[in-house]
Amino acid sequence: MKITGTVAALVEPAVRELGYELYDVDFHKEYDNWELMLIIDSAEGITLDDCERVSRAVEPLLDEADPIDQPYYLTVSSVGLDRPLRLPKDFDRNIGQKLDVKLYSAPADKRLKGKKVFVGTLVSHDNETFTVETEAGAFTLQKKQAALLRPHLDF
């Protein structure tokens with residue numbers, strides 16, 4: 001099992017017990033140091049205090065189990081407003097919302113004029129596809145065609 005999977009299995013019950021969702025675990029090299037990043041979420045949003053609570057709860061678990069051989073820094077973070085849509089619940093949460101859509105390649109539909117990047121409103125989704133409404137009309141695309149789907153932020 002990968003380090004991220006091992007860590008997720010280890011800390012997820014403690015994160016859930018505190019009332020948060022463990023959204024993701026990332027283990028990567030940042031300059032000369034390794035960083036273990038726990039990404040958390042909740043319906044009410046995440047504050048700095050929430051990140052601190054989770055960090056204090058999982059540090060002893062990680063120290064005791066010692067699932068990582070090399071030294072690392074533990075970071076706890078929120079998913080952020082522009083978190084990518086990956087899970088069905090992410091799609092459910094964004095029905096009716098504008099999305100930034102980035103495709104691996106331009107779809108054959110000529111209404112998009114060869115665009116791989118555009119903004120559309122998420123209309124529906126299922127296990128394999130999602131439908132967005134754009135100025136050019138509605139498009140149903142395969143989820144595997146999308147390099148990135150995230151909420152569109154207007155400034």
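Rules used in this analysis
- Residues numbered from 1 in each chain as written.
- Predicted model: local features only at pLDDT ≥ 70, side-chain atom pairs only at ≥ 80, totals over all residues.
- Heavy atoms only, no water.
- Helix = DSSP H or I, 4+ residues; strand = E, 2+ residues; numbered from the N terminus.
- Buried < 20%, exposed > 50% of the residue type's maximum accessible area, 1.4 Å probe, protein only.
- Contact = heavy atoms within 4.5 Å.
- Lys, Arg positive; Asp, Glu negative; His and termini not counted.
- Charge placed at Lys NZ, Arg CZ, Asp CG, Glu CD.
- Core = buried A, V, L, I, M, F, W, Y, C linked by side-chain atoms within 4.5 Å.
- Axes fitted to C-alpha atoms, helices over the stretch in contact; angles between N-to-C directions.
- Parallel < 35°, antiparallel > 145°, perpendicular 65-115°, else oblique.
- Left-handed = near helix turned anticlockwise from the far one by under 90°.
- Pairing = 2+ DSSP bridges.
- Expected span 1.5 Å × (residues − 1).
- Bend = angle between axes of the 7 residues up to and from the residue.
- Polar contact = N/O pair within 3.5 Å; in protein donor to acceptor, adjacent residues only side chain to side chain.

### Description of the overall build of the protein
Alright, step 1. In terms of helices and strands, the protein carries 3 helices and 8 strands.
Alright, step 2. Taken over the C-alpha atoms alone, the protein extends approximately 55 × 30 × 30 Å along its principal axes.
Alright, step 3. The buried share of the protein, taken over its 155 residues, is 34%.
Alright, step 4. Partitioning the contacts of the protein with sequence separation of at least 6, the portion at a separation of at least 24 is 54%.
Alright, step 5. Within the protein, one finds 19 positive and 28 negative side-chain charges whose respective centroids are separated by 11 Å.

### Overview of the nonpolar core
If you look at soluble globular proteins, the nonpolar side chains tend to sit buried side by side.
Alright, step 1. One finds Val 7, Val 11, Val 15, Leu 36, Leu 38 and Ile 40 to be the most contacted residues of the largest nonpolar core, which totals 17 residues.
Alright, step 2. At the level of elements, α1 (3-17), β1 (21-30), β2 (33-41) and α2 (48-65) are the ones that each hand at least two residues to this core.
Alright, step 3. It is α2 that provides the largest number of residues to this core, a total of 4 residues.
Alright, step 4. The next biggest cluster of nonpolar side chains, apart from the first, holds 14 residues, and it includes Phe 91, Leu 122, Phe 139 and Ala 146.

### Points about the packing of α1 against α2
Alright, step 1. Where α1 meets α2, the axes come as close as 10 Å, and the angle between the chain directions of the two elements is 140 degrees. The orientation of α1 with respect to α2, classified from their angle, is oblique. In this structure, the crossing between α1 and α2 has a hand that is right-handed. When α1 is examined against α2, the residues Val 7, Leu 10, Val 11, Ala 14 and Val 15 are found in contact with a partner set consisting of Val 54, Val 58, Leu 61, Leu 62 and Ala 65.

### A look at the pairing of strand β5 (residues 117-125)
Alright, step 1. In this structure, strand β4 (residues 98-103) lies alongside β5, joined through 5 bridges in antiparallel fashion. Looking at β5, one finds that Lys 102 is bridged to Val 117.
Alright, step 2. In this sheet, strand β6 (residues 129-134) lies alongside β5 in antiparallel orientation, the contact comprising 4 bridges. Residue Leu 122 lies in a different strand from β6, and its bridge partner there is Val 132.
Alright, step 3. What sits between the antiparallel neighbours β5 and β6 is a turn of 3 residues.

### A closer look at α2
Alright, step 1. For α2, with 18 residues, the first-to-last C-alpha span of 26 Å sits near the 26 Å given by 1.5 Å per residue.
Alright, step 2. The sharpest bend along α2 comes to roughly 30 degrees, located at Val 58, with the proline Pro 60 sitting one to four residues further on.
Alright, step 3. Of the surrounding secondary structure, the elements contacted by the buried residues of α2 are α1, β2 and β3 (73-78).
Alright, step 4. For α2, the N-terminal capping position is held by Thr 47, with its side-chain oxygen 3.3 Å away from the main-chain nitrogen of Asp 49.
Alright, step 5. Remark: Asp 66 follows α2 within two positions and exhibits a positive phi of approximately 50 degrees.

### Remarks on the environment of Phe 139
Alright, step 1. You can see Phe 139 is positioned in strand β7 (residues 137-142).
Alright, step 2. For the pair Phe 139 and Ser 124, spaced 15 residues apart in the sequence, the C-alpha separation amounts to 10 Å.
Alright, step 3. In this structure Phe 139 touches Asp 109, Arg 111, Leu 112, Phe 130, Thr 131, Val 132 and Thr 134, once residues within four positions along its chain are discounted.

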